[in-house]
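Listed below, chain by chain, are the residues.
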Amino acid sequence: MARTSNKNIQAKLVLLGDMGTGKTSLVLRFVKGQFFDFQESTIGAAFFTQVLSLNEATVKFDIWDTAGQERYHSLAPMYYRGAAAAVVVYDITSMESFERAKKWVLELQRQGNPNLIMFLAANKADLEEKRKVASEEGEQYAKENGLVFLETSAKTAQNVNELFYEIAKKLVKAA
Ligand code: GDP
Ligand code: MG
């Protein structure tokens, strides 16, 4: 039987979402396996790389972790332009962050790359007692808009590796 050739994929990945939703924490959990209770706010954007090896493929992520503050909004297109995948993050304890996430999704839908792989991360899933956004609400919204939905926690690591693996798998499939 012929062996499938190995794919080497390099992909730009952008994280978008309100300030404080845990974008930087998700990336640091994935890249460094660490979590900080007092994570410093990102200024502008931060850049990380990480390589994931799957069966028959290696995916090198170029990760742009954006700041999320409104005053940096005009910079956002620089980070999502040319991106193969985007993760829109909200915080399950903040309805406002969920509303903000929907605006990011709209903006991504309008930016003109129909092949953009989009994930919706409902982060801080460890704070169940403070939950304001029901799982079903996030899930339903994601379904209607063609996003993959995952509830994550950068703190407990719930679904964090899964998030990036699922993205990598989709990238391999699309390559
Ligand atoms: P960003 O502005 O979206 O990059 O958010 P940060 O990663 O800076 O996180 C903002 C705050 O939320 C920090 O105090 C983090 O420690 C905290 N945080 C991030 N992710 C989680 C999580 O999954 N659970 C909990 N409980 N706190 C989190
Ligand atoms: Mg940040």
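- In the annotation of an unreviewed UniProt entry, the entry for the protein chain reads Ras-related protein RHN1-like, and the organism field reads Hevea brasiliensis.

1. Considering empty space enclosed by the protein
Okay, step 1: Throughout the structure, instances matching the rule amount to 1 cavity of 30 Å³ or more.
Okay, step 2: Taken as a whole, the largest cavity spans an internal volume of roughly 80 Å³.
Okay, step 3: Leu16, Gly44, Thr66, Ala67, Gly68, Gln69, Tyr72, His73, Leu75, Ala76, Tyr79 and Trp104 are the residues that line the largest cavity.
Okay, step 4: A per-class count over the lining of the largest cavity returns 7 nonpolar, 5 polar and no charged.

2. Side note on the UniProt feature "coiled-coil region" (unreviewed entry) in the protein chain
Okay, step 1: Under the UniProt annotation, the feature "coiled-coil region" (unreviewed entry) is placed at residues 117-144.
Okay, step 2: Along residues 117-144 the backbone is 36% helical and 25% strand, and the end-to-end C-alpha distance reaches 15 Å.

3. Focus: the side chain of Asn123
Okay, step 1: As for its placement among the helices and strands, Asn123 is situated in strand 5 (residues 117-123).
Okay, step 2: Within the local environment of Asn123, its side chain forms a polar contact with the backbone oxygen of Thr21, the two atoms lying 2.9 Å apart.
Okay, step 3: Here Asn123 is in contact with Thr21, Gly22, Leu26, Val89, Tyr90, Asp91, Ile92, Thr152, Ser153 and Ala154, once residues within four sequence places are set aside.

4. Description of the site of ligand 1
Okay, step 1: Around ligand 1 there are 19 residues in total, and Gly20, Lys23, Ser25, Phe36 and Asp126 lie nearest to it.
Okay, step 2: Here an oxygen atom of ligand 1 and a side-chain polar atom of Ser25 are 2.6 Å apart.
Okay, step 3: For ligand 1, the accessible surface in isolation is 590 Å², of which the surrounding protein chains cover 89%.
Okay, step 4: If one sorts the elements of the shell around ligand 1 by residue count, helix 1 (residues 23-32) sits on top with 3 residues.
Okay, step 5: Among the residues making up the shell around ligand 1, the classes are represented as 5 nonpolar, 8 polar and 6 charged.

5. Quick word on the sheet that holds strand 1 (residues 7-17)
Okay, step 1: Strand order across the open sheet formed by 6 strands is 2-3-1-4-5-6, with mixed pairing between neighbours. Every other strand in the sheet has two partners, leaving strand 2 (45-54) and strand 6 (148-151) as the edge strands with one partner each. Within this sheet the neighbouring strands show an average axis-to-axis angle of 25°, counted without direction.
Okay, step 2: Summarising the sheet, strand 1 and strand 4 (residues 85-91) pair through 5 bridges and their orientation is parallel. Paired with Gly17 across the two strands is Val89, which belongs to strand 4.
Okay, step 3: The strands touched by helix 1 within the sheet are strand 1, strand 2, strand 3 (57-66), strand 4 and strand 5, with strand 3 carrying the most contacts at an inclination of about 150°.
Okay, step 4: Contacting strand 4, strand 5 and strand 6, helix 4 (residues 135-144) runs over the sheet at an angle of about 160° to strand 6.

6. A short note on the environment of Lys7
Okay, step 1: Residue placement: Lys7 occurs in strand 1.
Okay, step 2: Taking C-alpha positions, Lys7 is 4.5 Å from Ala57, a pair spaced 50 residues apart along the chain.
Okay, step 3: Setting aside its immediate chain neighbours within four residues, Lys7 contacts Glu56, Ala57, Thr58, Val172 and Ala175.
Okay, step 4: Within the local environment of Lys7, its side chain forms a polar contact with the backbone oxygen of Val172, the two atoms lying 2.9 Å apart.

7. Details of the coordination of the magnesium ion (ligand 2)
Okay, step 1: Donor atoms from the polypeptide that coordinate the magnesium ion (ligand 2) comprise Thr24 (OG1) and Thr42 (OG1), at 2.1 Å from the metal. Placement of Thr24 in helix 1 and of Thr42 in the loop between helix 1 and strand 2 is noted, with a sequence separation of 18 residues between them. Each of the two residues, Thr24 as well as Thr42, counts as buried.

8. Remarks on the pairing of strand 5
Okay, step 1: The buried fraction of strand 5 is high, at 7 of 7 residues.
Okay, step 2: Neither face of strand 5 is open: one carries Ile117, Phe119, Ala121 and Asn123, the other Met118, Leu120 and Ala122, and all of them are buried.
Okay, step 3: Examined bridge by bridge, strand 4 and strand 5 share 7 bridges and lie parallel to one another. Bridging from a neighbouring strand, Tyr90 pairs with Ala122 of strand 5.
Okay, step 4: Where the polypeptide runs from strand 4 across helix 3 (residues 95-110) and back to strand 5, its parallel neighbour, the crossover connection is right-handed.
Okay, step 5: Sheet analysis places strand 5 next to strand 6, joined by 4 bridges and oriented parallel. Looking at the pairing, Leu120 lines up with Phe149 of strand 6.
Okay, step 6: Taken together, strand 5, helix 4 and strand 6 constitute a β-α-β crossover, and its handedness is right-handed.

Calculation criteria
Residues numbered from 1 in each chain as written. Chains lettered and ligands numbered in written order. Predicted model: local features only at pLDDT ≥ 70, side-chain atom pairs only at ≥ 80, totals over all residues. Heavy atoms only, no water. 1 Å grid on protein atoms, 1.4 Å probe; cavity = no way out; pocket = protein on both sides within 12 Å on 5 of 7 lines; lining within 4 Å. Points joined across faces, edges and corners; volume = space filled by probe spheres on them. Nonpolar A, V, L, I, M, F, W, Y, C, P; charged D, E, K, R; others polar. UniProt positions renumbered as here; feature names shortened; annotations may be inferred. Helix = DSSP H or I, 4+ residues; strand = E, 2+ residues; numbered from the N terminus. Polar contact = N/O pair within 3.5 Å; in protein donor to acceptor, adjacent residues only side chain to side chain. Contact = heavy atoms within 4.5 Å. Near = heavy atom within 4 Å. Areas by Shrake-Rupley, 256 points an atom, 1.4 Å probe, with all protein chains shown as cover. Pairing = 2+ DSSP bridges. Axes fitted to C-alpha atoms, helices over the stretch in contact; angles between N-to-C directions. Donors = N, O, S within 2.8 Å, 3.2 Å for Na, K, Ca; no water. Buried < 20%, exposed > 50% of the residue type's maximum accessible area, 1.4 Å probe, protein only. Right-handed = clockwise from strand over helix to strand, strands pointing away.

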